Amino acid sequence: MSVKTNKPVIFVGKDVLELLSSSIYVNPLSVFREYIQNAADAIDEAVELGILKSVDEGKIRIVLDYVNRRVVIRDNGCGLSNEDFSEKMVTFGASKKKDTGARGFRGVGRLSSLGYVQQLIFRSRAIGDKKVLEATWNGHKIKEILALGDPNVDLNMIVQEALTINNLNPEGFPPHFFEVELVRPRRIANDKLLNEIEIENYISQVCPCPFAPKFKFGDEISKLLAPHGMAGKYYKIYINNDQNPIFRPYQDYIEYSNLKKAKLHNLKTFKIEGIDGNIAAIVWLIHHEYMGAIPTSLGVKGLRSRIGNIQIGDDRQFIGIFPEDRFCSWTIGEVHVLDSRAIPNSRRDEFEINIHLENIISNLRPLGLEIARKCRLTSQKRNRKKLFEHAREMINEKIDIIVQNAVSEQHSKSLKSDINLHLIEMRKVLEFDLFCAEDLRLLKRQLKSTEKSIKEFLPRTKGNLFDTLPVQERRIYKEMFDLIYECSPNRGVAKKLVDKILDNLGQK
């Protein structure tokens, strides 16, 4: 026999708000990802409703007020209607976007900056609304209540204390928009939340920005992704009064240093099939000269993952597909995940582990092996080229010493023997099947030039003061010069010293 009991009263503790506003969003810059993600969804909806003709008409602008310490992020999407505004502002974790294809789906992103600011303000209206509504969260008040540690305080009580909703004069506001204002953000690590350079760098890598017009592979990648919904959509995001939107950081080359650059030369693309036969992911990768780890400052290294054209995690997201971790940082590419069952976690810094994610990873492993082979092959080529160039330099250096005619016959024979060994080293380098036709032609020309120098200059010695010195005195000088070359760590410096001595002796 069942016994009826009273239903328990649901009590949602205050700490839930702290988890939503602080614990999930440990990287301060991630708040820009959350607000831009919501703005992109609002622009998409505006296009669906016919408010905007296309995504190209959508605009997201970030205004940084350094004097008053304020950040405003505004979009011209569909906006929140006056009717829905208040309800949305007090809804937690109940997003209606789930299973709609929208980027945001947990309903907590709008509070991502609450732990970093004194006030968090939302303003909006939709087409046809006569009012602009404003919701203000008092971050300072929330911290005070949380600090008291009162176990009887629940989420509802905090909302009543910390949130106010007002009507604003609509004059000066657009007919449809949504904006977020961060008031007096905390000064965190180089003042990240007001640091234009750091903000732009983060957005260019993480958010759905277009490729720069000068990036030669941009159009091809865009065409590849265009048929796949949000993966192929790009949004114009501006900072302050800049008339040019933020572009992705990819260029036609990798600048390792001021003196060392590598060109991007081959785009590889492929699709990963899901467990049910649908497309699980679209992958693009650009091969280059694999000269080493790509500098982090360029913002392009690694095989990165994206959902809805927004980055998940960082440049090490798929590091596990490489036989050696280091090869991940030699790579340039992206995996656009289309399978909705591959789900990012709340922080969007990882995926939830399941068979759909494992399917994508298993299909990426051959790519990791291919990149590793290219990296190793390129490393071998560089080492062989270095060996070839070093041998060539040694030959030229020793030819100069022999032609100088200042060392003993025994020392000269030793140098000639070394030259033959270096020549063998150069020839051996060309025996390896490592080089492309162009590189091989260049190396062969350099070898031929070196062989010609050996034939032309070794039989010749230039006359000097030894021709007029007595045999015994000449022998003493040569023994002294032998010692200078043998004891000096740098033959080039030693040769200059010997030349100077010979000049002084000649003058005397």
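Here, the structure is the one placed above.
The text that follows walks through the structure, step by step, so that each part is easy to find. Source: prediction; values computed, not measured. Within any chain, residue numbers begin from 1 and follow the written order of that chain's sequence. Side-chain atom pairs in this predicted model are given and counted only at pLDDT of 80 or more, local residue features only at pLDDT of at least 70, and totals for whole chains, interfaces and linings cover all residues. No hydrogens and no water enter the side-chain calculation; it runs on all heavy atoms of the structure.

To continue, consider helix H4 (residues 139–148). Among all positions of H4, only Gly139, Ile142, Ile145 and Leu146 are buried. Viewed along the axis of H4, the buried residues span an arc of 125°, placing them on a single side of the element. Structural note: H4 exposes Ala147 and Leu148 on the side pointing more than 90 degrees away from its buried face. As used in this structure description, the phrase polar contact means that two N or O atoms lie within 3.5 Å; if the pair is within protein, one of them must be able to donate a hydrogen and the other to accept it, and residues adjacent in sequence are counted only when both atoms belong to side chains. A run of H or I in DSSP becomes a helix once it reaches four residues, and a run of E becomes a strand once it reaches two; helices and strands are each numbered from the N terminus. Put simply, Asn138 is the residue that caps the front of H4, since its side-chain oxygen is 3.1 Å from the backbone nitrogen of His140. Following H4 by one or two positions, Gly149 has its phi on the positive side, about 70°. Any residue under 20% of the maximum accessible area for its type is buried, any over 50% is exposed, and the rest in between are partly exposed; the area is computed with a 1.4 Å probe on protein chains only. Our arc is simply the arc of the directions from the helix axis toward the C-beta atoms.

In space, the 7 strands of this open sheet follow the order S5-S4-S3-S6-S2-S1-S7, with mixed pairing throughout. Single-partner strands in this sheet number two, and they are strand S5 (163–168) and strand S7 (236–239). Looking at each pair of strands side by side, their axes are set apart by 15° on average, direction ignored. Two strands are said to pair when DSSP picks up at least two bridges between them. In the sheet, strand S3 (residues 119–125) pairs with strand S4 (residues 132–138) via 6 bridges, with the strands oriented antiparallel. Looking at the pairing, Phe122 lines up with Ala135 of S4. Contacting S4 and S5, helix H5 (residues 155–162) runs over the sheet at an angle of about 40° to S5. For helices, the fitted line uses only the C-alpha atoms of the stretch in contact; every axis is such a line through C-alpha atoms, and the angle between N-to-C directions lies from 0 to 180 degrees. In this analysis, two residues are considered to be in contact whenever any of their non-hydrogen atoms come within 4.5 Å of each other.

Once that is clear, we can look at empty space enclosed by the protein. Cavity means a closed set of points on a 1 Å grid over the protein atoms alone, one where a 1.4 Å probe fits but cannot get out, pocket means an open set with protein on both sides within 12 Å along at least 5 of 7 lines, and lining means a residue has an atom within 4 Å of a point. Grid points are joined across faces, edges and corners, and a volume is the space filled by probe spheres set on the points. Scanning the entire structure with this criterion turns up 1 cavity of 30 Å³ or more. The volume enclosed by the largest cavity comes to roughly 80 Å³. Taken together, Pro249, Tyr250, Gln251, Tyr253, Ile254, Glu255, Leu264, Leu298, Val300 and Ile332 make up the lining of the largest cavity. At 3 residues, strand S8 (residues 253–257) tops the list of elements feeding residues into the lining of the largest cavity.

We now examine the sheet that holds strand S13 (residues 310–312). Read across the sheet, 5 strands follow the order S10-S11-S14-S12-S13 without closing on themselves; strand pairing throughout is mixed. Two strands bound the open sheet, and with one partner strand each, they are strand S10 (266–273) and S13. Taking the axes of each pair of neighbouring strands and ignoring which way they run, one obtains an average angle of 30° across the sheet. Here strand S12 (residues 302–307) runs beside strand S14 (residues 332–337); their pairing, made up of 5 bridges, is parallel. Each residue of the ladder has a partner; that of Arg306, found in S14, is His336. Set on the sheet, helix H7 (residues 218–225) makes contact with S10, strand S11 (279–287) and S14; between it and S11 the angle comes to about 170°.

A regular strand places its side chains so that they alternate between the two faces of the sheet. Two elements, S10 and S11, share 8 bridges in a ladder whose sense is antiparallel. Pairing of Thr269 across the sheet is with Trp284, part of S11. Here S10 folds back onto S11 in antiparallel fashion, the turn holding 5 residues, of which Gly277 has a positive phi close to 95°.

It is at 10 Å that the axes of helix H2 (residues 30–48) and helix H6 (residues 196–206) come closest, and there the two elements cross at 55°. When the interaxial angle is binned, H2 and H6 end up oblique. Seen along the crossing, H2 lies across H6 with a hand that is right-handed. Facing Ser30, Phe32, Arg33 and Ile36 of H2, the residues of H6 in contact are Ile199, Tyr202, Ile203 and Val206. Each angle is binned into one of four classes, with values under 35 degrees roughly parallel, values over 145 roughly antiparallel, values of 65 to 115 roughly perpendicular, and all other values oblique. We call a crossing left-handed when the near helix sits turned anticlockwise from the far one by less than a right angle, and right-handed when that turn is clockwise.

Another point: H5. All of the buried residues in H5 are Leu155, Ile158, Val159 and Ala162. Buried residues of H5 fall within an arc of 100° about the axis and therefore sit on the same side. Exposed side chains of H5 directed beyond 90 degrees from the buried face belong to Gln160 and Glu161.

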